[in-house]
Amino acid sequence: MSEDPLESRLRSLLQDSAESETDREGQRLDRVLHKAHIRSGVFDLINLFTRWGWVLSEGGARGARHLKPVSRATAASPTEHDNQ
């Protein structure tokens, strides 16, 4: 798996700023990136569940129209009376 470009850029910026504190800065960066990945993952999950909720509600609404069978003769008779 390749490294995230944002993560590598942040690592290089932090390493350039303080070479003597690399361990502490590396741990800080890991914590920041961990929080960022968790937040983005949570938002991705919320987005996924939102989309699936919409799909299921649309499917339920369209499926509810077909719960009661309708014969063609019954459906055609009101339109024939309107034309006469």
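Only a predicted model underlies this, so the values are computations on that prediction, with no experimental measurement involved. (Residues numbered from 1 in each chain as written. Predicted model: local features only at pLDDT ≥ 70, side-chain atom pairs only at ≥ 80, totals over all residues. Heavy atoms only, no water.)

## Looking at the overall build of the chain
In step 1: Scanning the chain from terminus to terminus reveals three helices and zero strands.
In step 2: A buried classification covers 7% of the 84 residues belonging to the chain.
In step 3: When the accessible area of the chain is evaluated, it comes to approximately 7800 Å², of which 58% is carbon and sulfur surface. (Helix = DSSP H or I, 4+ residues; strand = E, 2+ residues; numbered from the N terminus. Buried < 20%, exposed > 50% of the residue type's maximum accessible area, 1.4 Å probe, protein only. Areas by Shrake-Rupley, 256 points an atom, 1.4 Å probe, with all protein chains shown as cover.)

## What about the confidence of the model for the chain?
In step 1: Here the chain shows a mean pLDDT of 77. Residues at 70 or above account for 74%.
In step 2: Mean pLDDT across the secondary structure elements of the chain bottoms out at helix α3 (residues 72–83), with 58, and peaks at helix α2 (residues 22–64), with 87. (pLDDT = per-residue confidence, 0-100.)

## Observations regarding the side chain of Glu-7
In step 1: By secondary structure assignment, the location of Glu-7 is in helix α1 (residues 5–17).
In step 2: For Glu-7, the contacting residues outside a window of four places in its chain are Leu-33 and His-37. (Contact = heavy atoms within 4.5 Å.)

## Let's talk about a nonpolar patch on the surface
In step 1: Together, Leu-45, Leu-48, Phe-49, Trp-52, Trp-54, Val-55 and Leu-56 make up a nonpolar patch on the protein surface, roughly 800 Å² of accessible area in all.
In step 2: Looking at the element boundaries, Phe-49 is found in helix α2. (Patch = residues over 30% accessible without salt bridge, like charges linked within 9 Å, V, L, I, M, F, W, Y side chains within 5 Å. Salt bridge = Lys/Arg side-chain N within 4 Å of Asp/Glu carboxyl O.)

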